[in-house]
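Observations on chain architecture
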Number of protein chains: 2
Amino acid sequence: MASTSEILTAERILAATEEVLRRHGPAKATVVDVARALGVSHGSVYRHFRTKAALREAVTKRWLDRTSQKLAVIAAASERDPEARLRDWLAALFEAKRHKAGDDPELFATYTVLTDENGAVVGEHIAELTAQLTGIITQGAGSGTFSVSDPAAAARAVFQATGRFHDPCYAREWTRPGVGEEFTAVVDLLVRGLR
Amino acid sequence: MASTSEILTAERILAATEEVLRRHGPAKATVVDVARALGVSHGSVYRHFRTKAALREAVTKRWLDRTSQKLAVIAAASERDPEARLRDWLAALFEAKRHKAGDDPELFATYTVLTDENGAVVGEHIAELTAQLTGIITQGAGSGTFSVSDPAAAARAVFQATGRFHDPCYAREWTRPGVGEEFTAVVDLLVRGLR
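Below: a short report on this structure.

Cut-offs used in this document
Residues numbered from 1 in each chain as written. Chains lettered and ligands numbered in written order. Predicted model: local features only at pLDDT ≥ 70, side-chain atom pairs only at ≥ 80, totals over all residues. Heavy atoms only, no water. Least-squares fit on C-alpha atoms with pLDDT ≥ 70 in both. Contact = heavy atoms within 4.5 Å. Buried area = accessible area lost by both parts, 1.4 Å probe. Salt bridge = Lys/Arg side-chain N within 4 Å of Asp/Glu carboxyl O. Helix = DSSP H or I, 4+ residues; strand = E, 2+ residues; numbered from the N terminus. Nonpolar A, V, L, I, M, F, W, Y, C, P; charged D, E, K, R; others polar. Buried < 20%, exposed > 50% of the residue type's maximum accessible area, 1.4 Å probe, protein only.

Some words on the relation of the copies chain A and chain B
- When chain A is fitted to chain B, the residual RMSD is 0.0 Å, and the transformation amounts to a turn of 180 degrees plus an axial shift of 0.0 Å. Such a combination of rotation and displacement between the chain copies is what one expects of a two-fold axis. For chain A, the residue whose C-alpha comes nearest the rotation axis is A:Gly193, separated from it by 1.8 Å.
- Here 100% of the contact residues of chain A are again contact residues in chain B; the copies associate through an equivalent surface.

Take a look at the structure:
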């Protein structure tokens, strides 16, 4: 039975924080709002997150981590062909972002405000994604699939060149007809460039 | 001598409109504001632009045309090597946008509001730029520099893959150290993909 006597984990606080954000938008989600939603004292929330900023940063990281954890599975499947893995990874990134934006547009807009606030967390997220891409490209360079002298620089270029298909500033474009063909054309061109 | 007896051309009205925008931001630039700035009756402005929307659309087009006219010169230099021309064209686009954003950030922000309002004008601008790129790539395909079956689709992919270096939503990134190297890495990868 759910009650305030449940152990108050950081994960439980973050899930409640996301629910507060979903209902009330980015202006809310203070420690006091979240404590009230959980029916606990704000002191017990402060034991996990010492400031409003720390709480908002942690919930932003959790939101971004959901995407990078999904992609990590593709990046780690080193028995598969690097080119196919690169294409799948980029498609999965596009798909994950498109789902986040399309399934719950208000929560997506709320998180866009939070990511603007938390530049360092976003920077780490992009570094994590680029590291996954670097792994795939390094393996492709080793096997001769790709002809690349600096896999990290190539990964950064691939990530940046596909921004239209994962950067939230393009979310409006993701429901337009033809966006799937556009994505394929860009990825084809980049894969040809890596070969 | 500048006086109200000068012939009131559309160009003179648009130059005054830009000056009103520069001084007062995007909320201003109505026909009445512009007539006042020119010291003429608003009836004489209405003879050229029948609505506030038409005036704001025309000044947005003029702002965007300044970039596409500069690039048209590079696109038209058909005696030059297509690959060098493609690189120059992309560099000139980045440079033009970076200048617009950096030289007068407030006017740039104002025009960002106006371009959001005038989606059709922006669509025509992008179509014009993509047509210029298509011309360069078609010539490169003809001469054997590029190996491309659909130059228009390739041009769209190149334009979209370089969005980070011309789309106003990335203006904040354009002053960061290393952005020049990032641009070169993306362009190198795309050119390799076209060959």
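Section: the interface of chain A and chain B
- Contacts between chain A and chain B engage 24 residues on the former and 24 residues on the latter.
- Taken over both partners, the interface formed by chain A and chain B buries close to 1,900 Å², and the fraction arising from carbon and sulfur atoms is 54%.
- Considering only the side of chain A, the residues that lose the most area to chain B are A:Gln160, A:Leu189 and A:Arg192, jointly responsible for 31% of the buried surface there.
- Connecting chain A to chain B are zero salt bridges.
- Those elements that provide at least two residues to the side of chain A that touches chain B are helix 8 (151–161) and helix 9 (179–194) of chain A.
- Ranked by the residues each element gives to the side of chain A that touches chain B, the list is headed by helix 9 of chain A, at nine residues.
- Taken together, the residues that form the side of chain A that touches chain B break down as eleven nonpolar, four polar and nine charged.

A short note on the environment of B:Thr134
All names here are of chain B.
- Position of Thr-134 relative to the elements: it lies in helix 7 (residues 119–143).
- You can call Thr-134 buried: its relative accessible area is 18%.
- Discounting residues that sit within four places of it in the chain, Thr-134 has contacts with Pro-151, Ala-152 and Ala-155.

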